[in-house]
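Geometric and topological summary
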Number of protein chains: 2
Amino acid sequence: MTHYFTEEGSVEAVNARMRGEVTPRLREVMESLVKHLHAFAKEVELTQTEWEFGIDFLTKTGQICSAERQEFILLSDVLGLSMLVDAINNRRPAGATENTVFGPFHVEDAPIRAMGDTICLDGKGETCLFTGRVIDIHGEPIEGACVDVWSDNAEGFYDVQQPDVQPKWNNRGRFYTGADGAYAFRGIKPVSYPIPDDGPVGQMLDRLGRHPYRPAHMHFLVTSPGFQTIVTHTFVGDDPYLSDDAVFGVKQTLVAPFEHVRGDTEWHSPFDFVMVAKA
Amino acid sequence: MTHYFTEEGSVEAVNARMRGEVTPRLREVMESLVKHLHAFAKEVELTQTEWEFGIDFLTKTGQICSAERQEFILLSDVLGLSMLVDAINNRRPAGATENTVFGPFHVEDAPIRAMGDTICLDGKGETCLFTGRVIDIHGEPIEGACVDVWSDNAEGFYDVQQPDVQPKWNNRGRFYTGADGAYAFRGIKPVSYPIPDDGPVGQMLDRLGRHPYRPAHMHFLVTSPGFQTIVTHTFVGDDPYLSDDAVFGVKQTLVAPFEHVRGDTEWHSPFDFVMVAKA
């Protein structure tokens, strides 16, 4: 019995076409993808003109991609998909530090620095002391954890975005904890910045009445053998974009205190990282 | 009250971000898109690796697009989305001729030919006489309807795919009906051919155990003032790919008879087009 395409039976017509040798996982993912894609088109009764707009949008999104620009990741970010995939794959018990988006600006093998050293090499911005401990879920310190940190500079750019302007490794560094699990380094109080908005994703945000800004944040990649890796940021608690991060990265537990110390000449941001043992 | 992102509330977090000035239709489409995109990721618990694969796939799909190649339309076609959008937007009463996919090979302003003329200019293939009438839903002939036809040649290529090999306007032509609504022209019995399968979409089909072939078909674009435009094909009834067209274009009512006539030297394919008055 031939299964011709009909509006009502569209999902079955497409999914019945997969052959037996397809892996169970690929079959599961594709069946769900087709089901939801068709459900979307049916729910809104997508017009031919809207479909053409969508084809053109996706094409432009692909064509602006380059070694330095990943517009499909931006699209995933602004639609909340990146955060959702991270959340699904990093469910942790209450009290453990939550993940957020990795972002495109991490660089491997940043310099290993001594505790308390500064990562800011361009002399710009408001100095901030970041301190805390890396502990397990029971509050025990974790020795030998790597705290890999990076932020934008006082003008809102990461060093890799301005290789001819900023010193190499500006606002980046790695710190290894001792027996007390403590870390400490000086950087700047990060500043908010827009995601690249001169492409299709920026145009989409504009049409949706959304701005492209991310609230100021310090990136942390915390690793230790035997523990789940933490990929997160701490957010500057008084940032005006805290409640509407363009990529939905903010979680309540990641909003960190930033306090004036030393007679207002320096900020201080304390934050503990709570790691969960690998299963 | 700040609405931070959570796994459970992911859809609301994203959709709440749209501002009041967004048009109602754009809001409706985006809300549904985000809802189904997130539902897909949640249903399959999409992994980080699968997400990365998807980002890479979409990027490659965009980057292979050119003036001659539209890989996102191919993707839409093989996922049944193109047929679904056509179906949603062209619901017709029983008895009316159904639409199918337009395809990328139509060319505007094909030569207007006299009834009974041939459209085959390269002398290849098995000759076929196409005849029928353009009528309304009550069976009354429609005078002055334009029957714009195109097909591949005997080797499975449209003239625009082989501009240096085939004569210009090979297997194309327009015919205007007279008072009896009848049309007639000679072409070839079309042959099945693969959609372009040397890109990301072809790789996907291969992974899904699907072939890239379309069953043989003659394209028809039938227009007449006051009537809904018919964009369709007639399919050769004995084609081996009839039950598994790579783009799901086949409908039961579009499978046409192809009969041997004139002592087996020529085929004959009769088909009437039934138009619906515009609302």
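Note that this is a predicted model, so its numbers are computed, not measured.

1. Some remarks on the confidence of the model for chain A
Of all residues in chain A, 99% attain a pLDDT of 70 or more, and the chain-wide mean is 95. Here the predicted complex scores 0.92 on pTM and 0.93 on ipTM.

2. Structural notes on the relation of the copies chain A and chain B
Rotating chain A by 180° and moving it 0.0 Å along the rotation axis overlays it on chain B with an RMSD of 0.0 Å. On this basis, the relationship between the two copies can be described by a two-fold rotation axis. Using C-alpha coordinates, one finds that chain A approaches the rotation axis most closely at G62 of chain A, a distance of 2.0 Å. Comparing interface residues between copies, 100% of those in chain A also sit at the interface in chain B, which points to an isologous, same-surface contact.

3. Here we look at the packing of helix α2 (residues 24-44) of chain A against helix α2 (residues 24-44) of chain B
Running from N to C, α2 of chain A and α2 of chain B point in directions that differ by 165°, and their axes come no closer than 9 Å. Comparing their axes, α2 of chain B and α2 of chain A come out roughly antiparallel. As α2 of chain A runs across α2 of chain B, the sense of the crossing is right-handed. Of the residues in α2 of chain B, those touching α2 of chain A at R25, E28, V29, S32, L33, K35, H36, A39, F40, E43 and V44 of chain A are R25, E28, V29, S32, L33, K35, H36, A39, F40, E43 and V44 of chain B. Here the contact of α2 of chain A with α2 of chain B is composed, by residue class, of ten nonpolar, four polar and eight charged.

4. Quick word on the sheet that holds strand β3 (residues 172-176) of chain A
Hydrogen bonds along the backbone pair up the strands of a sheet, which may run parallel or antiparallel. Here we have five strands laid out as an open sheet, ordered β3-β2-β7-β8-β9 (chain A), and mixed in their pairing. Either end of the sheet is taken by a strand with one partner, and the two such strands are β3 and β9 (255-256) of chain A.

5. A few points about the interface of chain A and chain B
When the parts of a complex come together, some accessible area is lost, and that lost area is often used as the size of the interface. In this assembly, 74 residues from chain A lie in contact with 74 residues from chain B. For the chain A face of the interface with chain B, the top three residues by lost area are Y4, F5 and R17 of chain A, together amounting to 11%. Along the contact surface separating chain A from chain B lie nine salt bridges. Between R19 of chain A and D244 of chain B there is a salt bridge, with the nearest N and O atoms lying 4.0 Å from each other. Run the count over chain A and chain B and you get 32 residue pairs in polar contact (both at pLDDT 80 or more). Residue contributions to the side of chain A that touches chain B peak at 18 residues, all from α2 of chain A.

6. Overview of helix α6 (residues 200-207) of chain A
Among the residues of α6 of chain A, those classed as buried are P200, V201, G202, M204 and L205 of chain A. Taken together, the buried residues of α6 of chain A touch α3 (48-63) and α4 (71-78) of chain A together with α2 of chain B.

7. Brief notes about the pairing of strand β2 (residues 146-150) of chain A
All names here are of chain A. Counting buried residues in β2 gives five out of five residues, a clear majority hidden from the surface. The side-chain alternation of β2 yields two buried faces, one formed by C146, D148 and W150 and the other by V147 and V149. Alignment of β2 against β3, held across five bridges, turns out to be antiparallel. Its bridge partner being in β3, C146 is matched across the sheet by Y176. Sheet topology note: the β2/strand β7 (residues 217-223) ladder contains five bridges and is antiparallel. Note that in β7 the partner of C146 across the bridge is T223.

8. Things to note about the pairing of strand β11 (residues 266-270) of chain A
All names here are of chain A. The buried fraction of β11 amounts to four of the five residues, a majority that puts the element mostly inside the structure. Bridging between strand β1 (residues 127-136) and β11 involves four bridges; their strand directions are parallel. In the sheet register, C128 faces β11, and the bridge partner there is W267. Strand direction decides the pairing type here: strand β10 (residues 259-261) and β11, joined by three bridges, are antiparallel. Considered in β11, the bridge of V261 is made with E266. Following β10, the chain reverses through four residues before pairing antiparallel with β11; R262 in that reversal takes a positive phi of roughly 50°.

9. Quick look at the side chain of D86 of chain A
For D86 of chain A, the position within the fold is in helix α5 (residues 81-89). Lacking a salt bridge, the buried D86 of chain A has K251 of chain A as its closest oppositely charged neighbour, with an N-O distance of 4.5 Å.

10. A closer look at α4 of chain A
Within α4 of chain A, seven of the eight residues are buried, leaving the element largely enclosed by the surrounding structure. Along α4 of chain A, the residues that are buried comprise E71, F72, L74, L75, S76, D77 and V78 of chain A. At its buried positions, α4 of chain A is contacted by α3, α5 and α6 of chain A together with α1 (10-15), α3 (48-63) and α4 (71-78) of chain B. Where α4 of chain A begins, the capping side chain belongs to Q70 of chain A, and its oxygen is found 2.9 Å from the backbone nitrogen of F72 of chain A. Following α4 of chain A by one or two positions, G80 of chain A adopts a phi angle in the positive range, close to 80°.

What counts, and at which threshold
- Residues numbered from 1 in each chain as written.
- Chains lettered and ligands numbered in written order.
- Predicted model: local features only at pLDDT ≥ 70, side-chain atom pairs only at ≥ 80, totals over all residues.
- Heavy atoms only, no water.
- pLDDT = per-residue confidence, 0-100.
- Least-squares fit on C-alpha atoms with pLDDT ≥ 70 in both.
- Contact = heavy atoms within 4.5 Å.
- Axes fitted to C-alpha atoms, helices over the stretch in contact; angles between N-to-C directions.
- Helix = DSSP H or I, 4+ residues; strand = E, 2+ residues; numbered from the N terminus.
- Parallel < 35°, antiparallel > 145°, perpendicular 65-115°, else oblique.
- Left-handed = near helix turned anticlockwise from the far one by under 90°.
- Nonpolar A, V, L, I, M, F, W, Y, C, P; charged D, E, K, R; others polar.
- Pairing = 2+ DSSP bridges.
- Buried area = accessible area lost by both parts, 1.4 Å probe.
- Salt bridge = Lys/Arg side-chain N within 4 Å of Asp/Glu carboxyl O.
- Polar contact = N/O pair within 3.5 Å; in protein donor to acceptor, adjacent residues only side chain to side chain.
- Buried < 20%, exposed > 50% of the residue type's maximum accessible area, 1.4 Å probe, protein only.
- Lys, Arg positive; Asp, Glu negative; His and termini not counted.

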